[in-house]
Every structure is written in C-alpha cells, then in structure tokens.
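Letter by letter, the chains look like this.
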Amino acid sequence: RLFPCCDSACKSIWSHSKETAGPSCQCNRLIQYSAIIEQHAMEIIVTEEVDFGIEILSKTQPDINNFFSGFPQQDHHPQFREFSEKNTTEMSKLLLELYMSGTDGVESAIAYAKKVITENHLNPILVKIALAIYLTHSPEAQKRGLVVPPLKHHSEFRTTKKIPLSNPVSPDTLNGYNILSYFREDYEFNDHHYHWHIVYPYAGIVRDDGKITRTIERQGELFLYMHSQMIARYNAELLSWDLNLLHAWGYDDILTFGYTPVPGMRDQFGARPPFQGWYEDHSPHLPENERDDFPPRNTMIEWKNNVIQSINQGFFVTKKKDGSRGKLQLTPEIACNWVGIVVEAENHPLQEVEPGSGEYIDQELYGSIHNLGHDKFAEIGYLEYTSDTNPMGVMISNIGSPRDPCFWLWHRHIDDFRQMVVQKYSHNLNEFKPDNLKILDLKISPKNPGSTTPQGGIATFLEPPDLELNEANAELNHEPYKWEITVESTSLNPPEPTNPQYFTVRLFIAPAELIQDQRSWIEMDKFTHGITSAQETLTRKDVESSVARRVKLDVKPGEQPSSWCLCGWPQSMMLPIGKPGGAPYVAFAMLTDDQLSHDKTQSISFCGVKDQKYPDPRGMGYPFNKTWDVRINSTVPVREIIKNHPHTKISDFTIYRSTELYQGATGGDKPPTGVTWQNTIKGFFTEHEVQCMLWKFNLADKNSVQLHAGEIYAAVKSHTMPKGETPWSDEKVATFNTWMESDFP
C-alpha cells in the first residue's frame, strides 16, 4: 500500500499541511518533525525511526464519522443559530441527555443522537454540536481515542455540487478585502476556530451529574486573548497589501462589501449583500416566532455602554434570585477574565460570582453582546440574497463565521473591551525578572542554512488552494524558520548540570511600524528552559511553537490522548505574508522566573492543558496584557525601554513574500525533461493505491496529484511509504521530483 492509513479511521499521517484526524490525532508514535519546502515539496524530516502502523479502531469511530458526514439539515428544520439563548438551552438539555442516554457510554450517546434526529426531528446541527462537545470532554471518549472528525467530513462543510479544480487566482489580481480571502478561507484556520469553540463552548459542559461547568478557570480571558491574536495577525496581513488597518464596528455602520460563501458551503449558508448594516429592529422577513430572538440595535448599544461603564468604574453589577443587587469588584488579576465572561455571554450558570453563592452577573444590564452581534450580521441577508433556502449567513455559526470580512470588524470591536483592561491596569517589567540572567542575542532566521532568502529575512509564499476543502484563491505558507536566543548568567555561581536555573522564554513579533502599539504584538512561542552553564544559545524550531497546532500524538495502549490538538494556530500561517520587497518586522524575547505546565501534544497558548488551570501563571499575552508602567503618560520608545531591561531583547528581521513556491537552497533553472504525466507519472500508482487514497485525493487524476505533489514527494522520498512494500527507488523519486520541477507537464 502506498499510504498506510488507508485501512484505518485515523488517516492522520498526512496531516501536516491540511489534514487532521480530529481533536485527538491517533498515530502510534509521536513524530518530531520539521517542514522543509524543497522543489515545490513539503518534506517531513523524521528524527527517529517511526512505526507508522495504525491500530485499527473499533467500529465506533467510523460510526461517529458517518454521523457527522450524514444527517444534513433539511428544509423543514429552522436554521440553527449557534449563539441564541434558546438554542443554548436546548443544547445544554441535550448534552445532559447524552450523558444519561444508557449504560453503553459513547455507543448509547451516538444511538440517542441518531434517535432525536430521526424520530424527534431535532435540528441535526444542534445535535452534532452537542455530540461534538460530549466527545471532546467525555473521559470515556478520551480514553478510547474516539474523536470528532475534522471539519472537512461534516455534512455542513460539503456541497452536493461538484466543484471543478482550476488554476488558483493570485491575491495580486484582487483588491480590497477580497485580497485576504486566502487568509479567511484557509481550511486549517477555520478548522482551528471551530475546534477551539468545541473545546471552550460558551454554553459550558454538562457533566453527567447535570452540573454545568466551564472548561478551564480563565476561559473568559482566553476567549478575549485568542481572538485578539487573530485580529493582530489579520492587521499584519492588511499591512502587507498596503491596506488600512481594521476599524472597530460601529453599531450604525454600513458594510460597503458583501460576502457570498464559497461554492462548497452554499448548501448551508446564505450570502450577505453589500451596502447594508444592522437592522434597527430585525429583518422584516424573519418569522414571527423568531423575531424576539434578535435584539434591536438600540438594545445592543445599551448593553455595550453598560459594559464600558462597568469597566471604567471597576465593577460589574450582580443580581440574586430575590432581586437584590451587588457588585463584583474588578481587580487587575480577574478583570480580563470577567470582561470576557460577560462580553462573550457565557451561559448564565457560569456567571455565578462564587460557586453556590446564588449571585450572578446581571444579564439584563449586559446582555449577550458577542453572540447576538453575530446574529445581527447573519440576519442581514435573510431571504434577500442569492437563495431563499439559505436564510442566514455564515456569521450564524463557528463553522464558517471567520470567512465573512464583517467577522473581523466585529471582533476588532470585541477586542476594544480587552484593550480597555490593558490600558486600565499597569505592571512593572521587572516584576518577574529572573535573577542574574540577561539576553545577549536574539535571532529569527530560516532553518535551512542554504536558504536563498536575502540575509536577515524569511520567505513566505502562496500555494494553490485546496478547493475541495473550501479554500479560496491561494493558501499561505512559509519556509521553515528557527529562533536562537543566547542567554547569559551573571551569577558568581553560574548554573551547572546538577543545579540548573529554570525560566520561561516568551517570543513575539510585530510589524516595525506598529511597535508602539501593544495590541499589535503577535505571540509566536513560549517555553520553559533550564540553563546549565554560564552561557547558552537556545534553538527553537517553528514546529515546536506553543501557539501552533500539534497534529501528531504519542498514543500508546491504555493511555488517554488529548482531545485538543486541533485548536492551535495553523503552522502554515505562523508568519504574516510580508511584501515582495520585504516587510520590516521586529522580534521580541523576554525571560520570566516561572515555569509553564507542559504538554507536547497541544498548543498550550490557545488550548491550555486538559483538565487543569491555564498552564501559564502570567496574564495571557504577558508582558503585553497590561500597560507598562514606564509608558504611563510617556512617549518613550519601546526600543529604549527594552535596552534598559537586560532580560528582554529586540531584533529586526524582514518577511519577504515570494511570487513563486519556495525551492529551498537548490533554486536554479528548471531542467529540461521528457517526463510527463501521461508517459511516466500516471503509471507510478497502482489501481489499489488509487482506490486506497480516494478519501483524500485521486492518484489517477493529474490535477489532484499536482495539487498534492509535495505531500506525495515527501512520503516517498523519506521511504515511509509505501508501507510494508518495496520503497520507491531513488531513480523513481528523482523522476517524480523532475516532473514537479518542470511544472507538471
């Protein structure tokens, strides 16, 4: 067999670029690998002998996969609104029913989910989200490695229409917000956003005792932080194309641009027309029984003003069941978390001030700003645009909401609430300074020593989109890079192997022109290290980032795998796209005297650590989570501040946007060749291999092989495939590489 995962439900071996096996990526051995793009290929370097044999799961996982790929929403179902209070209540009730559905655990829950769709006619999307949350947080499902399938296998993500493959459109040929379609429509990014909200549902998790709990203690803070990082990254993309930075949505604004979903999602979502804004009350086309669910614009404004007033005053108003009111004082330690809880509008039971107190945030005053704001956008095109069978736009669901440009204006406004907290409170940069340590040097550079990128720069590039994964126009990627941080101990008794000194390294980047703006810093990594000598240079690979997705897991019999490996940021989008002539960026490093809880299987920055407190004792985004005290009423440049703090360091680098796919250190002219698809390459794949891989791509189709050539080349060159059979000869691998270099004749 060419591909070893063909006979397994996991199929995650090909997941580095665009494929994953779900929240728990089931492979037998943890793969430590680095991505190197070489001659149009993504080569996976395996640092140890890896057994790619996949343990065949029971019939339960295929049953789960079939459930999510089937049961599409029908015309008689009202469109599911993920953010409405009514649907939240229904979902919480259904979650409890799933836990109580029978004695067979997960199997009983799946059977019950099918029953409520086929017999009780519940909305399939509601049931799928409830089952996804159940599987993600069920101890039994985690122990057995049963997972929610990746987004591409959900019926809501697939179209009944065939989408032909075609040549990609370069963003350079587009204009305005359309340019960033490669970013908004990226499959891994949307899969990340969907799974993050499954891990951290605002409705909470209903345990089998009926109690509603949140996933982690600081969930409100994490909601604000993760989305603020999305905004910082989006603004960096806008700068790369010389576009204006995002402005916060004003509740009376008009959207001059519309949005039509990509073809693969038009069965599920409607379009939004241009030159419209929020309805003053609600869409006149809404059914009478749904109109009360959409708050008037003035109500949204009132909620917003109440939140702003409370942040400024330093307390939220609370209410008990007897109607008496109180105050929740916002201290620097809890302010960001509670602002996130209120603005996202976590489920009412989760807004209790202290467990068992019966005192809750007064939702009549603060409402549901984030969630119902989504709905106000989703209703704009209700029954007015392109189709009367898809009444609501993508903003109604976490499956597709980031695809609409209005999502980013809305979340730029949501980020303003967090920014109020950042500006209200301050801290001293020396508060958590490690004793007797300083940073001598900081570099971020290509990992490949033979990189052809100009000195001091890193290259990004645009690959063809995967149209079958509902991508649009192009797909962002970058050459592999590494960090080098040289740390020195100034102690008279420097660390040694028997007495190491531990500290945490925090790494960020920002566009050079936005260095003074604290909300523009992008977290790239954080990790704990123990220095064992007077001076060390720490090297950190891009794929080791605490921010990026971890798509390979070390799963051994009897172990309980993590369910959160998909909520990290896509590895291919870790760097902003930059400019052809180079975009100036700054890198920042800081050492702190603390240690992080560690989990190699997931992105701790965005995903935390399962069933524990958030793994970083500092505020999320530290040190940019509060105002630096030296900047209060001061315009002193950030560079000058950092010079006076030896445990911090700043350096300059450049991001170059390549107009061609990265070719590593080889470069050069493409060699002449007589190798073509018809006379050579097509015969490289047997009929069995073709049938085996139809779940991912078609090895009998030139366009499909061309689109995934990098993945194929990486596997056959590393001899990890075909599994159990004679590997491709060096000559055969070289011939396939020659075909790629010759632009796939």
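The model shown is predicted, which means the values in this text are computed figures rather than measured ones.

## Digging into the sheet that holds strand β7 (residues 359-361)
Reasoning step 1: Strand order in the open sheet formed by three strands is β6-β5-β7, with antiparallel pairing between adjacent strands. Each end of this open sheet is capped by a strand with a single partner; those strands are β6 (325-329) and β7. Each adjacent strand pair in this sheet contributes to an overall mean axis angle of 40 degrees, direction not counted.
Reasoning step 2: The sheet contact formed by strand β5 (residues 315-320) and β6 spans five bridges and is antiparallel. From the neighbouring strand, phenylalanine 316 faces β6, where its bridge partner is leucine 328.

## A few points about empty space enclosed by the protein
Reasoning step 1: All chains considered together, the criterion is met by 11 cavities of 30 Å³ or more.
Reasoning step 2: Volume-wise, the second largest cavity comes out at about 110 Å³.
Reasoning step 3: In this structure, the second largest cavity is lined by Glu82, Met91, Ile129, Ile133, Tyr194, His197, Ile198, Tyr200, Pro201, Tyr202, Ala203 and Asn398.
Reasoning step 4: Broken down by secondary-structure element, the contributors of at least two residues to the lining of the second largest cavity are α4 (124-137) and α7 (187-199).
Reasoning step 5: Considering each element in turn, the lining of the second largest cavity owes the most residues, three residues, to α7.

## Describing helix α12 (residues 369-378)
Reasoning step 1: The element α12 is largely enclosed, with a buried count of 10 among its 10 residues.
Reasoning step 2: Burial in α12 covers these residues: Ile369, His370, Asn371, Leu372, Gly373, His374, Asp375, Lys376, Phe377 and Ala378.
Reasoning step 3: Of the surrounding secondary structure, the elements contacted by the buried residues of α12 are α8 (219-240), α9 (297-313), α10 (335-344), α11 (363-366) and α13 (406-424).

## Comments concerning the pattern of salt bridges
Reasoning step 1: Inspection of every chain in the model, using the stated rule, returns 26 salt bridges.
Reasoning step 2: Of the charged contacts, one joins glutamate 346 and arginine 214 as a salt bridge, the two residues approaching to 2.8 Å between their closest N and O atoms. Here arginine 214 lies in the loop between β4 (212-213) and α8 and glutamate 346 lies in the loop between α10 and β7, a separation of 132 residues in the sequence.
Reasoning step 3: With relative accessibility at 0%, the residue glutamate 346 sits in the buried group.
Reasoning step 4: Measuring nitrogen to oxygen at the nearest pair gives 3.6 Å for the salt bridge that ties lysine 643 to glutamate 640. With lysine 643 and glutamate 640 both in helix α15 (residues 638-643) and three residues apart, the pair spans about one turn of that helix.

## Description of the side chain of lysine 626
Reasoning step 1: With respect to the helices, strands and loops of the structure, lysine 626 is situated in the loop between α14 (604-607) and β17 (627-628).
Reasoning step 2: Buried and unpaired, lysine 626 has no salt bridge, with glutamate 333 as the nearest side chain of opposite charge at 5.1 Å.
Reasoning step 3: Sequence-distant contacts of lysine 626, that is, excluding residues within four places in its chain, are made with Pro332, Val422, Tyr425, Ser426, His427 and Gln518.

## Some details on the nonpolar core
Reasoning step 1: Judged by nonpolar contacts, the single largest core of 167 residues is most densely connected at Trp410 and Trp483.
Reasoning step 2: Broken down by element, the residue count for this core peaks at 11 residues, all from α8.
Reasoning step 3: Every residue in contact with tryptophan 410, bar those within four places of it in the chain, is listed here: Trp249, Tyr251, Trp278, Met300, Ile369, His370, Gly373, His374, Phe377 and Met395.
Reasoning step 4: One finds Phe685, Val716, Val733 and Phe744 within the second-largest nonpolar core, a separate group that totals 19 residues.

## A look at the packing of helix α3 (residues 106-118) against α4
Reasoning step 1: Where α3 meets α4, the closest approach of the two axes is 10 Å, and the angle between their N-to-C directions is 170 degrees. On the basis of the axis angle, α3 is roughly antiparallel to α4. Facing Val106, Ala109, Ala113, Val116 and Ile117 of α3, the residues of α4 in contact are Pro124, Val127, Leu131, Tyr134 and Leu135.
Reasoning step 2: Its residues assigned to classes, the contact of α3 with α4 comprises 10 nonpolar, no polar and no charged.

## Observations regarding the confidence of the model for the protein chain
Reasoning step 1: The predicted model of the protein chain averages 81 in pLDDT, with 81% of residues at 70 or higher.
Reasoning step 2: Here strand β1 (residues 33-38) stands out as the least confident element of the protein chain, with mean pLDDT 27; strand β16 (residues 583-592) is the most confident, with 98.
Reasoning step 3: Per-residue pLDDT stays below 50 along residues 552-563; that stretch engages in 47 contacts with residues further than four places along the chain or on separate chains.
Reasoning step 4: Across residues 662-672, where pLDDT falls below 50, the model places 28 contacts with residues more than four positions away in sequence or in other chains.

## A word on helix α18 (residues 709-717)
Reasoning step 1: Counting buried residues in α18 gives eight out of nine residues, a clear majority hidden from the surface.
Reasoning step 2: Along α18, the residues classified as buried are Ala709, Gly710, Glu711, Ile712, Tyr713, Ala714, Ala715 and Val716.
Reasoning step 3: Downstream of α18 by one or two residues, histidine 719 has phi in the positive range, about 60 degrees.

## As for the sheet that holds strand β15 (residues 535-541)
Across a sheet, strands are paired by hydrogen bonds formed along the backbone, either parallel or antiparallel in direction.
Reasoning step 1: Ordered by their spatial adjacency, three strands build an open sheet running β9-β12-β15, and the pairing between neighbours is antiparallel. In this open sheet, the two strands that pair with only one neighbour each are β9 (437-446) and β15. Looking at each pair of strands side by side, their axes are set apart by 15 degrees on average, direction ignored.
Reasoning step 2: In the sheet, strand β12 (residues 481-489) pairs with β15 via seven bridges, with the strands oriented antiparallel. Paired with glutamate 488 across the bridge in β15 is glutamine 535.

Scoring rules and cut-offs
Residues numbered from 1 in each chain as written. Predicted model: local features only at pLDDT ≥ 70, side-chain atom pairs only at ≥ 80, totals over all residues. Heavy atoms only, no water. Pairing = 2+ DSSP bridges. Helix = DSSP H or I, 4+ residues; strand = E, 2+ residues; numbered from the N terminus. Axes fitted to C-alpha atoms, helices over the stretch in contact; angles between N-to-C directions. 1 Å grid on protein atoms, 1.4 Å probe; cavity = no way out; pocket = protein on both sides within 12 Å on 5 of 7 lines; lining within 4 Å. Points joined across faces, edges and corners; volume = space filled by probe spheres on them. Buried < 20%, exposed > 50% of the residue type's maximum accessible area, 1.4 Å probe, protein only. Contact = heavy atoms within 4.5 Å. Salt bridge = Lys/Arg side-chain N within 4 Å of Asp/Glu carboxyl O. Lys, Arg positive; Asp, Glu negative; His and termini not counted. Core = buried A, V, L, I, M, F, W, Y, C linked by side-chain atoms within 4.5 Å. Parallel < 35°, antiparallel > 145°, perpendicular 65-115°, else oblique. Nonpolar A, V, L, I, M, F, W, Y, C, P; charged D, E, K, R; others polar. pLDDT = per-residue confidence, 0-100.

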